[in-house]
Structure formats: structure tokens, C-alpha cells
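# Overview (structure and organization)
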Amino acid sequence: MQKRFDASKTYAIALGGGGAKGGYEIGVWRSLEEEGMKYNAVSGTSVGALNGAMMAMRDLERGEELWRNIRYSQVMDVDDKSMGKLFGGKVEAKDLGSLILRAIDIIKGGGFDVTPLRNLLNEYVDTGKIKRSDVDFFIVTYSLTDKKELDVIVKSLPEDEIRDMLLASAYFPAFKNEPLAGGKRFTDGGVSDSLPITPLVERGYRDIIAVRLTGGFGREKKIRLPKGFNVDYIEPKRKLGNTLNFSAEQAAYNIDLGYYDAKRYVYGLAGERYYLERTLTEREAYNELMALIDIFAEESTGELSLRSIHESVIPGIAKQNGTTGDYFDVFIGYLEYLAELMKLPEFRVLKDTELLAEVKKSHAFADKLLAKTIARVR
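Residues numbered from 1 in each chain as written. Predicted model: local features only at pLDDT ≥ 70, side-chain atom pairs only at ≥ 80, totals over all residues. Heavy atoms only, no water.

### Notes on the pairing of strand E6 (residues 207-211)
- Summarising burial for E6: 4 of the 5 residues are buried, a large majority.
- Here 4 bridges tie strand E1 (residues 10-15) to E6, and the two strands are oriented parallel to one another. Bridge pairing in E6 places Ala12 opposite Ile208. (Buried < 20%, exposed > 50% of the residue type's maximum accessible area, 1.4 Å probe, protein only. Helix = DSSP H or I, 4+ residues; strand = E, 2+ residues; numbered from the N terminus. Pairing = 2+ DSSP bridges.)

Rendered as C-alpha cells:
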């Protein structure tokens, strides 16, 4: 496979906010490190600030250790078992009373106590390493006291204020708001800039990789890039879970998703749900699409006319999968749909023909389910 990623350049990295979705950024980081990425600056908002601290420390292993072992009680003063049931949709009737009472206590107390998050920062963030780092580090927060956005140059802070400002950037509105550095109060930086590209552009960093955590809290500031500046975006096409779902299982999934999404960026891989090296021409993909339609049509509805296939089935497949490109794109969208129905593993890089072979091999075990796909788009 040929890289689209230019490993000869030195990049600046913008890390977006998104609470518990932050494991995705660690997966992206690991993947880009493997591809030879060089970086000399990082900016972060909210959880992106925490991950940015790890990048400034150049300590990928510590960042991954944090996310692979994350628990609700490391971020908020809550019970892990109860929160796991809540976000796992497994709350039983007998648990509702205690959960409601706990929620009332939290509201009366002004929000979730984030002492555990402060302890987590103390454990994982080495402020001395950040001060001595060859990586410039910027974070965005919002000062409620001053009523303005703050773009903080972390190296300019006294060492004993760095963790306070990381906490300030991550002050989610559901958290109990306490005075921090200088006795001021802050809220999550996402209220003003959830993906802090602007701090990097304003300081002259021309090659930027921005990692966007979709579905998160806050607003993304619009930017106008000067001539000669470039921003590449890496973002998930799948859901990363709830912003407060700090479970190790969800974090592990998000790390894997970020890792492979970065591979898609580096190699220009096809697909949205799988990671596919393109080997087929559009005409070859069209022929394979027709063959797939014939296989599943015979099993479910009998032979279809060419007119029905081209005027009804193929447009229906494209619409069902949100495909707007050529026949190769329609084929890939349908192939991924079938592969997902068959529960074929997603986290690996395959040639398009290899996934096709797996679908053809597996279709006999899913013919009843697949019959519905043809009937639905006729």
C-alpha cells in the first residue's frame, strides 16, 4: 500500500474534546507514531488537553495505560458497578431507587465531585516533563470569572498550575464547579472551541492534523486558513459512546477505532465500516456487485430483470448505504453492509477482494437475513 501521509513533515496536532470518547485520540496517536509521524506542537480542549499532556510528555505508553484501565470512579465520585449498569442499559427495578437518591444528592451538591479526576491528573501528568518538552503545548478553556475564552501556553505556567488548567479545560458542566488557579472558576473549553485548530494556526504551524471526536459537547470554532496552511481531519464514522461512559470496554473499542481510522487516513483506504485497500476498477466492482445481487436475488426472490436491477435495486442499495459515488463506491457500501450483517471482524486492513471472498464464503449462513436486503430495495 502507498502512503498518502507525508512522514517527512513535522506536524502540529489538534485534539478535540469529548469526555469518555478520548481513547480514540490515543488510538490515532499510536497509529501515526507507527507510520513515522513527527510532531512539535499539540493543542487540546477538555479531554484533548489531557491527551495533549501525554503527547507533550511523549509518553504514549502512559496514555494508553490510562485509557485501557479507565473507570468511572477515576473521573467522578461514583460507583463503578452502578454506572456500568446505567450506561449498559442493565438497570434493574430494584436499583432505581438508590440511583435516583444518588442523583438527587449530586444535584444538591452542585454536580459530580471531580476529586478523582484531580487525583488521576496527579498520577499520570508529569508537569516537569511538560515544562522541559520539545513539544509546544496549548490548551483552551473558558473563564467564568473573566467571561472569556483562554488560549493557554502551558509552558508559560508555573509548574504547580499546570494540572489546575488541565482540569479547567475539562470542567464539564455536570461537574461540581470549584475555584482553581488564582481562585477563578472555569468551564469546559468546548463551550468556545471544541477542536482547537486556531491556536496552532495563529502561531504559524502550517501542517496540522486535527482529531475530531464527533457527537461531543460544545461548539467547533470556524477557521479561515491562510494560504500555505493545511489541516487534515481524522474522525470516526462510528459512534464512540456517551460522553460520560468511562468504561474500560468502551475505551478499548475507541482506541481500536482511532488506530484503524488513522490507517485509513495514512493509506487512503476505502470503506466506512471496514478498512479496505482498493484493487478493483469501477468496471470490475460493477461486475462483482451484479454477481452479489444475482446470488442473493436467486435465494430470496428469483431472477431479477436488468431494468429492475438498474432502476430499482442498485439505486436502493446506494440510498440504503448513503452512497453518492460511482459503482465502486456502491459495491463497497453493499459489501460492507453484508459483511456487517455477517458479523465479520472490522479491525483489520484487507484488500477489497479479500472481504468479498469472506462474504461469499459466509453467505450460506446468513441467507435468510440477506433475503431481506434485496426485498427492501426492490
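### With respect to the pattern of salt bridges
- Overall, the coordinates contain 25 salt bridges when judged by the stated rule.
- Put simply, Glu35 and Lys3 hold a salt bridge, and the shortest N to O gap is 3.1 Å. Of this pair, Glu35 sits in the loop between helix H1 (23-34) and strand E2 (38-45) while Lys3 sits in the segment before E1, and the two are 32 residues apart along the sequence.
- The partner of Asp146 in a salt bridge is Lys184, with the nearest N and O atoms 2.8 Å apart. One end of the pair, Asp146, is in the loop between strand E3 (136-143) and strand E4 (148-153); the other, Lys184, is in the loop between helix H8 (162-169) and strand E5 (186-187), and 38 residues separate them in sequence.
- Shared partners join several salt bridges into a network, and the residues in it are Arg30, Glu61, Glu64, Arg68 and Asp256. (Salt bridge = Lys/Arg side-chain N within 4 Å of Asp/Glu carboxyl O.)

### Let's talk about the confidence of the model for the chain
- With 85% of its residues at a pLDDT of at least 70, the chain reaches an overall mean of 86.
- This stretch, residues 96-104, has a pLDDT under 50; its non-local contacts, to residues over four places away or in other chains, come to 5 contacts. (pLDDT = per-residue confidence, 0-100. Contact = heavy atoms within 4.5 Å.)

### Description of empty space enclosed by the protein
- Per the stated rule, a full pass over the model turns up 2 cavities of 30 Å³ or more.
- If you add up the space inside the largest cavity, you get close to 260 Å³.
- As for the largest cavity, its lining consists of 26 residues, of which Gly19, Ser46, Val47, Ala170 and Phe246 are closest to the centre.
- Those elements giving two or more residues to the lining of the largest cavity turn out to be helix H2 (47-57), helix H3 (60-68), helix H6 (115-124) and H8.
- Looking at the lining of the largest cavity, the element that brings in the most residues is H6, giving 3 residues.
- A breakdown of the residues in the lining of the largest cavity according to their chemical character gives 17 nonpolar, 8 polar and 1 charged.
- One number sums up the size of the second largest cavity: a volume of about 50 Å³.
- Forming the boundary of the second largest cavity are Ile13, Leu15, Glu25, Val28, Trp29, Leu32, Met37, Met55 and Val211.
- Here the element with the most residues in the lining of the second largest cavity is H1; it accounts for 4 residues. (1 Å grid on protein atoms, 1.4 Å probe; cavity = no way out; pocket = protein on both sides within 12 Å on 5 of 7 lines; lining within 4 Å. Points joined across faces, edges and corners; volume = space filled by probe spheres on them. Nonpolar A, V, L, I, M, F, W, Y, C, P; charged D, E, K, R; others polar.)

### Remarks on the packing of H1 against H3
- For the pair H1 and H3, interaxial distance at closest approach is 10 Å and the crossing angle is 150°. In this structure, H1 crosses over H3, and the sense of that crossing is left-handed. Every residue of H3 that contacts H1 at Gly23, Ile26, Trp29, Arg30 and Glu33 is listed here: Leu60, Glu61, Gly63, Glu64 and Trp67. (Axes fitted to C-alpha atoms, helices over the stretch in contact; angles between N-to-C directions. Left-handed = near helix turned anticlockwise from the far one by under 90°.)

### Comments concerning the pairing of E4
- The sheet contact formed by E3 and E4 spans 6 bridges and is antiparallel. Note on E4: the bridge partner recorded for Val140 is Asp151.
- With antiparallel pairing between neighbouring strands as the criterion, E3 and E4 make up a hairpin whose turn holds 4 residues, including Lys147 at a positive phi of roughly 55°.

### Examining helix H13 (residues 327-341)
- For H13, built from 15 residues, the straight-helix expectation of 21 Å at 1.5 Å per residue is met to within 8% by its first-to-last C-alpha distance of 21 Å.
- Counted residue by residue, H13 has 11 buried out of 15 residues, so it is predominantly covered.
- All of the buried residues along H13 are Phe328, Val330, Phe331, Ile332, Gly333, Tyr334, Leu335, Glu336, Tyr337, Leu338 and Ala339.
- Its side-chain oxygen 3.0 Å from the backbone nitrogen of Phe328, Asp326 forms the N-cap of H13. (Expected span 1.5 Å × (residues − 1). Polar contact = N/O pair within 3.5 Å; in protein donor to acceptor, adjacent residues only side chain to side chain.)

### Let's talk about the packing of aromatic side chains
- In this structure the tally under the stated criterion is 8 aromatic pairs.
- Following the ring pairs from residue to residue traces out a cluster consisting of Tyr253, Tyr259, Tyr260, Tyr275 and Phe347.
- Note that Arg203 overlies the ring of Phe138, its terminal NZ or CZ placed 4.2 Å from the centroid.
- Across the ring face of Phe328, the terminal group of Arg278 is positioned such that the distance to the ring centre comes to 3.7 Å. (Phe/Tyr/Trp six-rings, centres within 6.5 Å; stacked < 30°, edge-to-face > 60°. Lys NZ or Arg CZ within 6 Å of the ring centre and 35° of its normal.)

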